[in-house]
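# Secondary and tertiary structure notes
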Amino acid sequence: GNIFEQTHIVQKKKNNSERVWKSLKKKLSKDAQSQLYQTFLSELPSIENSLLQYIQYALKNDKDITKDFSHHAVLTITQTAKKVYREKHRMEAFVRFQKTADDLYFSIIEPDFNVLPIIAPHFESRYADQRWLIYDAKRKYGIYYDLQQTTEVQLNFNADVAQGNNIASVYTDDEEMYQQLWQQYFKSVNIAARKNTKLHIQHMPRRYWKFLPEKKTGLSFL
């Protein structure tokens, strides 16, 4: 940093945060509030500066500022929130559960953004009758659903398991059969005459492949 800069350390105060958020809720629509939260989850470098500028701009204006894209912070928050929202939907589509020995359905992901908090409702609704855990290998934490509620958890894995390798060590005995069935299904719908490599990569980016069962045995559109 610059030797002439002065550092100001801000102590977090819950009451102050709640007061600011309460004021923002009076100024912003539900969608705009969601955009702020999604932008926060992006974890992009210096994104907190844009969030601060957006909040300051919103609080000092009586008009709706959410469409004022001439303001740098408004444009940044809008664009970033869209990226996080797209990543949310990708994760909801690409998560593949694997059954462990104690009947826990387990999945490892590595999203670009910290989307675990906003994908939880989707999986609570879709898999309400089974215990599941989705683990973010990049951020080293997961969300665990116990049939009643979803809580944040931290796990200790060896390097191979945390990167999606050697996960067979926690499989139930019949999980290999399930994966083979999934791979067979994937192969059956992979009709050679209908290959569209570009579209496939667009909808299932390569960075997600290492955690997908259908990619484990070399099955590919390429």
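Below: a short report on this structure. Residue positions are counted from 1 within each chain, in the order its sequence is given. In keeping with the predicted nature of the model, local features appear solely for residues at pLDDT of at least 70, side-chain atom pairs appear and are counted solely at 80 or more, and the whole-chain, interface and lining totals rest on all residues. For side-chain calculations, the full set of non-hydrogen atoms in the structure is used, while hydrogens and water are omitted.

Moving on, we come to the environment of T76. As for its position among the elements, T76 is in helix α4 (residues 72-94). Remark: the alpha-carbon pair of T76 and T39, spanning 37 residues in sequence, is separated by 8.8 Å. Helix and strand assignments come from DSSP, with helices taken as H or I runs of at least 4 residues and strands as E runs of at least 2, each series counted from the N terminus.

Right, let's talk about the pattern of salt bridges for a bit. The term salt bridge refers to a pairing of a side-chain nitrogen on Lys or Arg with a carboxyl oxygen on Asp or Glu at a separation within 4 Å. For the structure shown, the criterion picks out five salt bridges. One network of salt bridges, with partners in common, ties together E43, D136 and R139.

Take the sheet that holds strand β5 (residues 150-153) next. Consider a sheet: its strands pair through backbone hydrogen bonds, and that pairing is either parallel or antiparallel. Taken together, the five strands give an open sheet; going across it, the order is β1-β2-β3-β4-β5, and neighbouring strands pair in mixed fashion. At either end of the open sheet lies a strand with only one pairing partner, and these are β1 (98-99) and β5. Pairing between strands is defined by DSSP: at least two bridges between them are needed. Where strand β3 (residues 132-136) lies against strand β4 (residues 141-145), five bridges are found, and the strand directions are antiparallel. The partner of L133 across the bridge, within β4, is Y144.

To continue, consider helix α2 (residues 30-42). Helix span, as expected, comes to 1.5 Å for every residue beyond the first. With 13 residues, α2 ought to run about 18 Å at 1.5 Å a step, and its terminal C-alpha atoms sit 19 Å apart, in line with that. Residues are treated as being in contact if the distance between any of their heavy atoms lies within 4.5 Å. In this structure, the buried side of α2 is in contact with α1 (14-27), α3 (47-59), α4 and α5 (116-126). Phi for E43, located one or two positions after α2, is positive at around 60°.

Purely geometric numbers; function is a separate question.
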